[in-house]
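Breakdown of the fold
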Amino acid sequence: MRLIHITDPHLSSLAGQSFWNLRGKRRSGYLSWYRNRQFVHRREILDLLTESAAACEPDRVLVTGDLVHIGLDSEMIEAANWLRQLGPPEKVMFVPGNHDNYALDSLSSMHRHWADYLPGHFPPGGDYTSGYPVVREHNGLKLVGVNTACVTRIFSARGELGEQQRQRLAVALEKSDGDNCFECLLIHHPPFPGMTRRRKSLRDAAKLLGIMGESSPDLLLYGHIHLNRENQHSGFRSFCTASASSVENASFRIIDLEKEQKGWRCRVRLMTLDATASTRSFSLASESSWLASA
Ligand SMILES: [Fe+2]
Ligand SMILES: [Fe+2]
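First, a word on scope: everything that follows refers to the structure included in this document. Keep in mind it's a predicted model, so treat the numbers as computed, not measured.

Another aspect to go through is the coordination of the iron ion (ligand 2). Around a metal, the perfect tetrahedron of four donors has angles of 109.5 degrees, and the perfect octahedron of six donors has angles of 90 or 180 degrees. The iron ion (ligand 2) binds to the protein through Asp 66 (OD), Asn 98 (OD1), His 188 (NE2) and His 224 (ND1), with metal-donor distances spanning 2.2 Å. Bound by 4 donor atoms, the iron ion (ligand 2) shows angles of 87 to 159° at the metal and therefore irregular coordination geometry. Separating the iron ion (ligand 2) and the iron ion (ligand 1) is a distance of 3.5 Å, and Asp 66 donates to both of them. In this pair, His 188 sits in the loop between β6 (182–186) and α6 (205–214) while His 224 sits in the loop between β7 (219–222) and β8 (229–233), placing the two residues 36 residues apart along the sequence.

Dropping the structure here:
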């Protein structure tokens, strides 16, 4: 079985927007795009990555958030087209990032345009955690996706699962005796200390690590920090993949899983943009392989 991990495409353009027509936090987000992000996150790179990832013929595409910049309705339409390009909702598993659920009206826009890729209907009271964690099973693979994308104040990119989602997650991660599925947890914010500054961190990271200490997934995939990271923990491995549209380090991961007698053979390949080549392409940057015992 083959999975692809893609994250943080930040694919929308704010070229048609004006600073003066935006309010509050969106003004600072627009300035960040205008001064910096529009030059870092390039659509032509994302298109090349999307094509390269599709050529790998994945069974599932896993996307860990930040499709857009400031959570505007117009951005959601652009992102919906890209999601459909990746594949139908049965094939694409998506969890939102802080730039998706950016302002108070973003969640309703997400549900208007991305409904097929989100759990349930627009939640009453606007509870972003409603319907999460999402659990999907396929040929012994169990995908668990959580939503950490709460709306934050200006200059904050923090995330939070919240108590109720954490409780549901603890149940979702439990494996019954004899259950030898391969569990993969998808999250936008990294749950490990020291990976981001406080204003970008996951508020209830320690509590999440407590849950994972009780029943750990086999694999954790995350985004948000726009860097490639690989770590071994007791009982599982974690991978962060760089932004899918970055001129500096656009990347995706190919994850091959094969059931063996003693567990699951995992092979993870990091494919990174070769910016030095005359024609841009993605090439193998690193590879890991291990046996996740059942
Ligand atoms: Fe991001
Ligand atoms: Fe983020």
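Between helix α2 (residues 43–55) and helix α3 (residues 73–86), the shortest axis-to-axis distance is 11 Å and the interhelical angle comes to 20°. When the interaxial angle is binned, α2 and α3 end up roughly parallel. Between α2 and α3 the crossing geometry is right-handed. Only Trp 82, Gln 85 and Leu 86 of α3 make contact with α2, whose side of the interface consists of Arg 43, Leu 46 and Thr 50.

For the structure on display, the rule yields 0 disulfides. Free of any disulfide, Cys 181 has its nearest cysteine sulfur in Cys 184, 11 Å distant. Here Cys 184 stays unpaired: no disulfide links it, and the sulfur of Cys 266, its closest cysteine neighbor, is 9.6 Å away. Residue Cys 184 is classed as buried on the basis of its relative accessible area, which comes to 1%.

Ile 6, Leu 67, Trp 82, Trp 114, Phe 182, Cys 184 and Phe 252 are the most contacted members of the largest nonpolar core, which has 55 residues in total. For this core, the element with the most residues is α3, which contributes 6 residues. Setting aside anything within four residues of it in sequence, one finds Trp 82 in contact with Ile 6, Pro 9, Leu 11, Arg 43, Leu 46, Thr 50, Val 63 and Leu 67. Residues Leu 161, Leu 173, Leu 202 and Tyr 222 belong to the second largest nonpolar core, which totals 19 residues.

This next bit is on the coordination of the iron ion (ligand 1). At this site the iron ion (ligand 1) is bound by Asp 8 (OD), His 10 (NE2), Asp 66 (OD) and His 226 (NE2), with donor distances of 2.1 to 2.3 Å. Each of the 4 donor atoms bound to the iron ion (ligand 1) contributes to angles spanning 87 to 171°, and the resulting shape is irregular.

On the basis of which strands lie adjacent, the open sheet formed by 6 strands has the order β3-β2-β1-β10-β11-β12 and mixed pairing. On the outer flanks of this sheet lie β3 (92–94) and β12 (281–293), each paired with one strand and no other. Averaged over all adjacent pairs, the angle separating strand axes in this sheet is 20°, with direction ignored. α2 rests against β1 (2–6), β10 (251–260), β11 (263–274) and β12 of the sheet, and its axis sits at about 50° to β12. Here α3 sits on the sheet and contacts β1, β2 (60–63) and β3; the angle it forms with β2, its principal contact strand, is near 150°.

Looking now at the sheet that holds β6. Strand order in the open sheet formed by 6 strands is β4-β5-β6-β7-β9-β8, and the pairing between neighbours is mixed. The outermost strands of the open sheet, each flanked by one partner alone, are β4 (134–138) and β8. Neighbour-to-neighbour, the strand axes of the sheet open up by a mean angle of 15°, direction not taken into account. Two elements, β4 and strand β5 (residues 141–145), share 5 bridges in a ladder whose sense is antiparallel. For Val 135, the partnering residue across the bridge sits in β5 and is Val 144.

For Arg 229, the position within the fold is in strand β8. On the basis of relative accessible area, Arg 229 is assigned to the partly exposed category, the value being 35%. Sequence separation between Arg 229 and Thr 241 is 12 residues; the distance between their C-alpha atoms is 6.7 Å. Leave out the neighbours within four places in its chain, and Arg 229 touches Met 195, Tyr 222, Ser 238, Phe 239, Cys 240 and Arg 253.

The next subject is α6. Within α6 the residues assigned to the buried category are Ala 205, Leu 208, Ile 211 and Met 212. Buried residues of α6, seen end-on, are gathered within an arc of 120° and therefore sit on one face of the element. Of the exposed residues in α6, those oriented more than 90 degrees away from the buried face are Ala 206, Lys 207, Gly 213 and Glu 214.

Conventions and cut-offs
Residues numbered from 1 in each chain as written. Chains lettered and ligands numbered in written order. Predicted model: local features only at pLDDT ≥ 70, side-chain atom pairs only at ≥ 80, totals over all residues. Heavy atoms only, no water. Donors = N, O, S within 2.8 Å, 3.2 Å for Na, K, Ca; no water. Tetrahedral: all angles 85-135°; square planar, octahedral: opposite > 155°, others 65-115°. Helix = DSSP H or I, 4+ residues; strand = E, 2+ residues; numbered from the N terminus. Axes fitted to C-alpha atoms, helices over the stretch in contact; angles between N-to-C directions. Parallel < 35°, antiparallel > 145°, perpendicular 65-115°, else oblique. Left-handed = near helix turned anticlockwise from the far one by under 90°. Contact = heavy atoms within 4.5 Å. Disulfide = S-S within 2.5 Å. Buried < 20%, exposed > 50% of the residue type's maximum accessible area, 1.4 Å probe, protein only. Core = buried A, V, L, I, M, F, W, Y, C linked by side-chain atoms within 4.5 Å. Pairing = 2+ DSSP bridges. Arc of directions from axis to C-beta.

Without other data, these values stay purely geometric and don't point to any function.
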